[in-house]
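This is what each chain is made of:
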Amino acid sequence: MRKNSINLANDINNQVEIAERAVITCMLHDASVLEDAITKLESTDFANIKYRFIFEAISSIFNDSNFPVSPLTVIEYISRNQEIKNNFSEYEIVINGLSAEYTSSANVAFDIDLVKEASIKRQLNRLCNEIIETDIDFTNFESQIIDFQNRFIDISSSKKTNQISKISEVVEAFEKHLTLLKTRDNSKLTGTDTGFKKINKVTDGFQPGDLIILAARPGTGKTAIALNFILNAAKSIKQSGNSKDTVVLFSLEMGSEQILERMTAHEAKVDISTIRNGRFDYVQEASIFNALSEIKTLPIQIHDASDVTINEIQSKLKQLKQTNNIKLVVVDYLQLLKSGNKALSGNRQQEVSTISRTLKVIARNLNTPIIALAQLSRKIEERGKTSDGENPKPMLSDLRESGSIEQDADLVTFLYQKFDDVKNDDDKEKINSEQDPTMSTNIQFLIAKHRNGSTAEIDLIFTKAFGEFSEIESSDFKGKN
């Protein structure tokens, strides 16, 4: 058995060696192979050291449009490399030998894939050996695990497709896209359904790859509207019947039970305080348990660790992407996130900038919209109210610890309450004791930045007792404003 295993390993190594020779040979003689090979492979993908140097030489010549790639130009290029000066004759013999072997490039695509896959396997073997030999650091154990997870996912998904495209290819693909848009059912969105017709009209749903910032001062309903988005998206997925689609919530501020309380209040239309203290009547009880039965069937995943880092979020989403199509991610909230980089721990603005940039990269790489909730700075309160008693309207510069948040975001949105509901604590206590659970507040959903569309001001009704947002109609608003 052992002998058979050794023979099999030798056979595989021989196949890889043949594939590496074939790729280099075809690159030396067939210009049509160059772009595909250089896009999909790196020099380190070759096990043979000499092939690595030859690949690097071919890539450098290819990137310099003044010279064609040929055995002669590659030999000339390598002759100027001081690193292999003493072994130049060996490289010249190898290149001439490969040149003499060339017959056809018909199977080169298969050979390129084989070289890449063999490289991935070698990298995974090295990572496994490193894991085995690594001592457990009890003070930094979580960070070690996350690092190994990310490296494993990066290696296993490193097989590349063409990323450099001719404009003619881009135009052809875009023409097909436009044709699909022209013929599609206009009632269907191109992005994830927000559940709000007016928001959908401006955004066409939350778009794949977009980073969306949702900012407001505390108590305005950031988490509530984010949960509305999650529930609406999950219901849309359930209705579509796509079993692999899912939405994900990373909650750093509340535990999963608190989140479920809010979702239940929203779905059952029962005051959240009634659910929390268990003082519900038989009718409310039926509504609550019916709501729980419905929520249980929705494709929602919750991660409620309060100390999660951006690297952990990236790792968990990469793993989830292997088996699911992630339609929406919500992070509640951005300023509670840590970068996991100790070098940045003393500079919070730089750390937040790193986090926002990483969120944008995750959104793009996973092709999913990410909503990051954010706090507004106290600067907004310092501006004071208008002569009409209106609260100051949020601006992009009000984003707390903003750094590159505004720059990285595709969509920046604010929740804005034009007027306060109560003037002082005595009024607040009186209202809380006499309040109608259906009492509502007018909240504006402001789209202050829209990279691929227009800005907007959309009026919503916020029923705080249920954590419910709905679109305002002039005839059904019961609030003060």
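You'll find the structure just up there.
Residues numbered from 1 in each chain as written. Predicted model: local features only at pLDDT ≥ 70, side-chain atom pairs only at ≥ 80, totals over all residues. Heavy atoms only, no water.

Colleague: Any chance you could break down the pairing of strand β2 (residues 245-251) for me, citing the residues and the numbers?
Modeller: Taken residue by residue, a regular strand's side chains alternate between the two faces of the sheet. Here β2 lies mainly inside the structure; seven of its seven residues are buried. Side chains D245, V247, L249 and S251 project from β2 onto one buried face, and the interleaved T246, V248 and F250 project onto a second face that is buried too. The pairing of β2 with strand β4 (residues 325-332) spans seven bridges and is classified as parallel. Within β4, the residue paired with F250 across the bridge is V331. Taken together, the four bridges between β2 and strand β3 (residues 300-303) define a ladder with parallel strand orientation. Looking at the pairing, F250 lines up with H303 of β3. (Buried < 20%, exposed > 50% of the residue type's maximum accessible area, 1.4 Å probe, protein only. Helix = DSSP H or I, 4+ residues; strand = E, 2+ residues; numbered from the N terminus. Pairing = 2+ DSSP bridges.)

Colleague: Go over the packing of helix α11 (residues 256-268) against helix α13 (residues 282-296), please, and point to the residues and values.
Modeller: A pair of packed helices is characterised by two quantities: the angle between their axes and the separation of those axes. Relative to each other, α11 and α13 sit at 115°, their axes nearing to 9 Å. By the criterion of interaxial angle, the relationship of α11 to α13 is roughly perpendicular. Two packed elements cross with a definite hand, and for α11 against α13 that hand is right-handed. Taken together, the residues of α13 that come into contact with α11 (itself represented by L260, M263, T264, E267 and A268) are S287, I288, A291, L292 and I295. Partitioning the contact of α11 with α13 into residue classes produces seven nonpolar, two polar and one charged. (Axes fitted to C-alpha atoms, helices over the stretch in contact; angles between N-to-C directions. Parallel < 35°, antiparallel > 145°, perpendicular 65-115°, else oblique. Left-handed = near helix turned anticlockwise from the far one by under 90°. Contact = heavy atoms within 4.5 Å. Nonpolar A, V, L, I, M, F, W, Y, C, P; charged D, E, K, R; others polar.)

Colleague: Talk me through the side chain of T220; I want residue IDs and the actual numbers.
Modeller: Here T220 lies in the loop between β1 (211-216) and α10 (222-240). Reaching out from T220, the side chain makes a polar contact with the backbone oxygen of R217 at a distance of 2.7 Å. Excluding residues that lie within four positions of it along the chain, T220 makes contacts with L415, I443, F462 and F469. (Polar contact = N/O pair within 3.5 Å; in protein donor to acceptor, adjacent residues only side chain to side chain.)

Colleague: An account of α13 is needed here, citing residue identities and associated values.
Modeller: Along its 15 residues, α13 runs 21 Å from first to last C-alpha, staying within 8% of the 21 Å computed at 1.5 Å per residue. Listed as buried for α13 are I288, A291 and I295. The buried side chains of α13 occupy one side of the element, clustering within an arc of 65° when seen end-on. Exposed and oriented more than 90 degrees from the buried face of α13 are Y282, V283, N290 and K296. Buried-residue contacts for α13 involve α11 and α12 (272-277). (Expected span 1.5 Å × (residues − 1). Arc of directions from axis to C-beta.)

Colleague: Could you give an account of the pattern of salt bridges, naming the residues involved and the relevant values?
Modeller: Counted by the stated rule, this structure contains 13 salt bridges. With a shortest N-O distance of 3.2 Å, R80 and E76 are connected by a salt bridge. With a relative accessible area of 45%, E76 lands in the partly exposed category. One salt bridge in this structure joins E267 and K235, with 2.9 Å as the shortest N-O distance. (Salt bridge = Lys/Arg side-chain N within 4 Å of Asp/Glu carboxyl O.)

Colleague: Residues and numbers for the nonpolar core, please.
Modeller: Ranked by internal contacts, the top residues of the largest apolar core, which has 39 residues, are F229, I371, F445 and F469. Of all the elements, α10 adds the most residues to this core, at 10 residues. Apart from residues lying up to four places away in sequence, F229 is in contact with D193, T194, F196, I199, F206, L214, L328, I371 and F445. Within the second largest apolar cluster, 34 residues are counted, among which are I313, I326, A374 and F414. (Core = buried A, V, L, I, M, F, W, Y, C linked by side-chain atoms within 4.5 Å.)

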